Structures are given as C-alpha cells and as structure tokens.
Amino acid sequence: MTVIDLRTIRIRSGEQYRGTREVELDPVELGGQRYVPLPERPEAEITLSRTTSGLVLELEVEAALVGPCFRCLAETRVVAGIRGREYQATDPGADDELRTPYVADERLDLSAWARDAVVLALPGKILCREDCAGLCAVCGKDLNAEPHEHVEEEVDPRWAALAELRDRL
C-alpha cells in the first residue's frame, strides 16, 4: 500500500506541491475475473494545492490491466489513463462532500485512490476487440477463431405438441 503522510508536505494557502511516486496497485476483480495491473507499481504524478479552506488533491497515472475478455476469455490488455481530483476540507464537520475517503489521520491512501480511479476509467465490458464474437453457446469454441453454426437437433416426438403450441403463439 502506498501512503503519503500529508503532515510532511508543508505548503501554505495558495501554494502547490508536485511530485511523482510509485503507486502499488493490487489486482482487481471484475465479474468474477481477476485483472492484474502492469506494471504493478506505475509512476503517478501527484499535485497538492492548499486553499484557504482545505486541500485539493490531483492524481495522474496510466495503468494497464491484463485479464480475460468478457466474451471469449482470451487474455486482454486494457490501458487506462487516469486523472483524478479530490477535495479535503480543513474542517469538514459532518458534511461528507467536504472530505475524501482516501485521507485519514493526515495520510493519503494513494493505492486505494489509484485503484478506484482505474476501475472507474475502465469500459463497461473488457473486450479483446470491439467485434469479439465470444464463445459458442453449444460447444464452447472461440467464435473469433472458428466461426460456425450448429444444426438444430431433431425434437423428441413426445414434445411435438408443445412445439406446435409454441409456433402458434
């Protein structure tokens, strides 16, 4: 876990701190599948800006996740460029909108913030390519490598009456 102790960064109102840090990213689980970040420790640019009422935190990182395609299960690489911004008020009181979940006890959890930003930047479905055909529902073969169709099997004559009813509806 990569953590920045905000007490060690001394900036006054109107000043800004810029720096780069390696961020430790943990694997992400989406839809029951595991996606591994490459590299595991990407370089992140961090900008902290002190305002009169708090601290503006900015994060910029590029990370790639490697894991299975949602449709055909082939190994897929998705690159996500992230720009995140959070705000932490000096005295937030009970207002949750004035605090970030990534700052606790003057420590910024950079790993959690980067992981959440990467997940939010991912597409709705991780695909090996846009026109991925997926796997055959009957035999399980990859339809991208071997497109095919199955001949419909003959229906058991005992079910013929139900098939006839289905056709009428």
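Residues numbered from 1 in each chain as written. Predicted model: local features only at pLDDT ≥ 70, side-chain atom pairs only at ≥ 80, totals over all residues. Heavy atoms only, no water.

## A closer look at the sheet that holds strand β9 (residues 107-109)
Here comes step 1: Taking strand neighbours across the sheet as the criterion, the 3 strands line up as β1-β9-β8 in an open arrangement whose pairing is antiparallel. In the strand order of this sheet, the two ends are held by β1 (3-5) and β8 (103-104), each with one partner.
Here comes step 2: Where β8 meets β9, 2 bridges bridge the pair, whose relative direction is antiparallel. When the sheet's bridge partners are listed, A104 is paired in β9 with R107.
Here comes step 3: The strands touched by helix α1 (residues 110-121) within the sheet are β1 and β9, with β9 carrying the most contacts at an inclination of about 35°. (Pairing = 2+ DSSP bridges. Helix = DSSP H or I, 4+ residues; strand = E, 2+ residues; numbered from the N terminus. Contact = heavy atoms within 4.5 Å. Axes fitted to C-alpha atoms, helices over the stretch in contact; angles between N-to-C directions.)

## A short note on the confidence of the model for the chain
Here comes step 1: In this model, the chain carries a mean pLDDT of 89, and residues with pLDDT of at least 70 account for 99%.
Here comes step 2: Within the chain, the lowest mean pLDDT, 84, falls on helix α2 (residues 160-168), and the highest, 94, falls on strand β5 (residues 43-50). (pLDDT = per-residue confidence, 0-100.)

## Examining the pattern of salt bridges
Here comes step 1: Under the defined criterion, the tally for this structure stands at 10 salt bridges.
Here comes step 2: Ionic pairing is found between E60 and R83, a salt bridge with its closest N-O pair at 3.1 Å. Of the two residues, E60 is situated in strand β6 (residues 54-68) and R83 in strand β7 (residues 75-89); the sequence distance between them amounts to 23 residues.
Here comes step 3: Owing to a relative accessible area of 67%, R83 belongs among the exposed residues under this scheme.
Here comes step 4: Each of the salt bridges in this network shares a partner with another, and the network as a whole consists of E22, E24 and R41. (Salt bridge = Lys/Arg side-chain N within 4 Å of Asp/Glu carboxyl O. Buried < 20%, exposed > 50% of the residue type's maximum accessible area, 1.4 Å probe, protein only.)

## Describing the packing of aromatic side chains
Here comes step 1: Enumeration over the complete set of coordinates arrives at 2 aromatic pairs.
Here comes step 2: Both rings, one in Y35 and one in F70, keep their centres 6.5 Å apart while their planes meet at 40°; by these two values the pair is tilted. Linking Y35 in strand β4 (residues 33-38) with F70 in the loop between β6 and β7, this pair joins segments that are 35 residues apart in sequence.
Here comes step 3: Taken together, a centroid distance of 6.1 Å and an interplanar angle of 20° make the contact between Y102 and W113 stacked. With Y102 in the loop between β7 and β8 and W113 in helix α1, this residue pair connects regions lying 11 residues apart in the sequence. You'll find Y102 and W113 in the same group, each marked buried. (Phe/Tyr/Trp six-rings, centres within 6.5 Å; stacked < 30°, edge-to-face > 60°.)

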